[in-house]
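Chain by chain, the residues run as shown.
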Amino acid sequence: MFNRRKFLQSSVFSSLGLALGRKAWANDPGAGHLVTGSPIVISTWDAGIAANKGAWEILGRNGRALDAVEAGVMVTEASQNCCVGLGANPDRDGFVTLDACIMDEFANCGSVAFLERIKHPISVARRVMEKTPHVMLVGIGAQQFAVSEGFPLEEQKLSDGAKNSYENWLRKSEYKPVINIENSKMNTETPKSGPGPFAPSRFDNGEWNHDTIGMVAMDAMGNLSGSCTTSGMGFKMRGRVGDSPIIGAGLFVDNEVGAATATGQGEDVIRMCGTHTVVELMRQGYSPEQACKRAVERIIKIKGDKAKAIQVGFLALNKRGEIGGYAIQKGFSYAVKSDTQEKMVQAGSFY
Ligand code: ASP
């Protein structure tokens with residue numbers, strides 16, 4: 001039985017762990033961006049600026065990080081975005097399918113995957129967390145649950161941008177989830193945002209076919225939460241689900257240590273439990289940036305030379321309010337908002 005004595009012992013050990021962890025952090029030369037004591041929110045890519053503003057409506061009024069990360073990514077889900085929400089690019093059969101997950105400071109988590117015709121998958125994920133005994137609902141079951149919770153079933157219609165991109169894609173209909181590095185015709189012109197010139201996710205017309213909004217935040221109470229939402233890889237196989245709705249892959253939060261989110265080629269994040277790995281590295285004393293870098297190096301180790309053809313970016317926040325990101329390829333950027341700053345940061349990269 002977990003009695004009072006054991007509770008006291010475990011509290012002593014966890015405070016000791018925290019103290020040791022802090023020492024390790026303080027000694028880590030990679031540590032930076034310290035914003036201790038005040039709320040902070042960070043999120044992936046340029047769309048993160050608007051999403052962070054949405055989150056700040058809550059964080060800035062001393063609201064809960066969980067509410068902030070839901071509200072924040074809802075901004076992106078509602079916008080006409082190539083890669084998040086119903087306006088995004090479809091799968092190769094022409095249907096937009098959405099993945100999302102959310103996690104709070106108590107390790108409560110909820111997730112939906114392969115969800116169609118629902119505008120705010122992140123809110124459905126939160127309902128899964130709060131109203132069911134489960135963590136994850138997928139496909140038609142997730143949709144039925146959403147409708148039973150009062151979410152309207154939207155019309156099945158591609159946005160103008162997605163229709164255009166899909167028509168372009170259909171001209172060749174080449175299904176190439178991974179570039180053959182030697183034979184690929186890589187477009188080397190630098191995009192405004194996106195996973196970089198070597199990513200497999202680039203169309204011939206210069207558009208990216210995958211991106212995600214991942215957001216992690218700390219509130220004024222020092223509690224952490226995170227959210228992640230995407231339409232996944234554009235023109236994916238019907239039924240394909242990436243890392244974004246998978247707890248420990250696209251998102252992980254441990255309120256004692258930190259939180260992390262991921263973007264990029266989901267398959268390669270799943271195979272090394274990406275964000276769980278980042279958080280565990282922070283537990284060992286690595287700064288957020290160093291933890292993200294180590295996780296990227298693990299992907300490089302697994303993939304070898306094939307890593308040159310993919311993009312993965314990690315973004316992390318620790319319990320002290322330190323932040324950092326790192327990616328395989330150049331071009332991964334993230335948005336930061338706190339009391340004292342609102343900016344985009346270019347993450348470091350392996351290549
Ligand atoms: N990680 C997402 C997926 O694989 C896509 C992305 O972030 O670009 O579905």
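Throughout what follows, the structure given in this document is the object of discussion.

Reading the values: the criteria
- Residues numbered from 1 in each chain as written.
- Predicted model: local features only at pLDDT ≥ 70, side-chain atom pairs only at ≥ 80, totals over all residues.
- Heavy atoms only, no water.
- Helix = DSSP H or I, 4+ residues; strand = E, 2+ residues; numbered from the N terminus.
- Buried < 20%, exposed > 50% of the residue type's maximum accessible area, 1.4 Å probe, protein only.
- Areas by Shrake-Rupley, 256 points an atom, 1.4 Å probe, with all protein chains shown as cover.
- Disulfide = S-S within 2.5 Å.
- Pairing = 2+ DSSP bridges.
- Contact = heavy atoms within 4.5 Å.
- Axes fitted to C-alpha atoms, helices over the stretch in contact; angles between N-to-C directions.
- 1 Å grid on protein atoms, 1.4 Å probe; cavity = no way out; pocket = protein on both sides within 12 Å on 5 of 7 lines; lining within 4 Å.
- Points joined across faces, edges and corners; volume = space filled by probe spheres on them.
- Nonpolar A, V, L, I, M, F, W, Y, C, P; charged D, E, K, R; others polar.
- Parallel < 35°, antiparallel > 145°, perpendicular 65-115°, else oblique.
- Left-handed = near helix turned anticlockwise from the far one by under 90°.
- Expected span 1.5 Å × (residues − 1).

Moving on: the overall build of the protein. Looking only at helices and strands, one finds nine helices and 13 strands in the protein. Considering the protein as a whole, with its 351 residues, one finds that 56% of them fall into the buried category. For the protein, the exposed surface amounts to about 15100 Å²; the carbon and sulfur share of it is 53%.

Okay, the state of the cysteines next. According to the stated counting rule, one finds one disulfide in the structure shown. Between the sulfur of Cys 82 and that of Cys 83 lies a disulfide, 2.0 Å long from S to S. Of note, the bridge from Cys 82 to Cys 83 carries an S-S torsion of about -70° and is left-handed in sense. Judged by relative accessible area, which is 0%, Cys 83 ranks as buried.

Note: strands within a sheet are paired through backbone hydrogen bonds, in either parallel or antiparallel orientation. Spatially, the five strands line up as an open sheet ordered E7-E8-E9-E10-E13, and their pairing is mixed. Edge positions in the open sheet fall to strand E7 (251-254) and strand E13 (348-349), since each of these has one partner strand only. Here strand E9 (residues 312-318) pairs with strand E10 (residues 323-327) via five bridges, running antiparallel. Each bridged residue has a counterpart across the sheet, and for Phe 314 the counterpart in E10 is Tyr 326. Sheet contacts for helix H8 (residues 274-283): E7, strand E8 (258-264) and E9; angle to E8, the most-contacted strand, approximately 145°.

Within this model, the second largest pocket holds a volume of roughly 350 Å³. Taken together, 16 residues line the second largest pocket, and the ones lying closest to its centre are Leu 86, Gly 87, Glu 154, Glu 155 and Lys 157. Its residues assigned to classes, the lining of the second largest pocket shows four nonpolar, six polar and six charged.

On to the pairing of strand E12 (residues 342-346), then. The side chains of a regular strand alternate, residue by residue, between the two faces of the sheet. In this sheet, E12 lies alongside strand E11 (residues 333-338) in antiparallel orientation, the contact comprising five bridges. Across the sheet, Tyr 334 pairs through a bridge with Val 345, a residue of E12. In this structure, the hairpin formed by E11 and E12 is closed by a connection of three residues.

Examined against the element boundaries, Gly 242 turns out to sit in the loop between strand E6 (224-230) and E7. The spacing of Gly 242 and Phe 114 is 128 residues in sequence and 9.7 Å in space, taken between C-alpha atoms. Among residues more than four places away in sequence, those in contact with Gly 242 are Asp 99 and Ile 270.

The geometry of helix H4 (residues 121-131) relative to helix H5 (residues 139-148) is characterised by a closest axis approach of 10 Å and an angle of 80° between their N-to-C directions. Relative to H5, the element H4 lies roughly perpendicular. For the pair H4 and H5, contact is made by Val 124, Arg 127, Val 128 and Lys 131 and by Ala 142, Phe 145 and Ala 146, respectively.

Moving on, we get to the packing of H8 against helix H9 (residues 288-303). In contact at an axis separation of 8 Å, H8 and H9 are set at 130° when each is read in the N-to-C sense. Classified by the angle their axes make, H8 and H9 are oblique. In this structure, H8 meets H9 at a crossing whose hand is right-handed. Residues Thr 277, Val 278, Leu 281 and Met 282 of H8 touch H9, and the partners they reach there are Pro 288, Ala 291, Cys 292, Arg 294, Ala 295 and Arg 298. Within the contact of H8 with H9, the residues separate by chemical class into seven nonpolar, one polar and two charged.

Moving on, we come to helix H3 (residues 65-78). Taking 1.5 Å as the rise per residue, H3 with 14 residues should run 20 Å; its terminal C-alpha atoms sit 20 Å apart, in good agreement. Summarising the contacts, the buried residues of H3 are in contact with helix H2 (48-59), strand E2 (98-103), H4, strand E5 (213-218) and E6.

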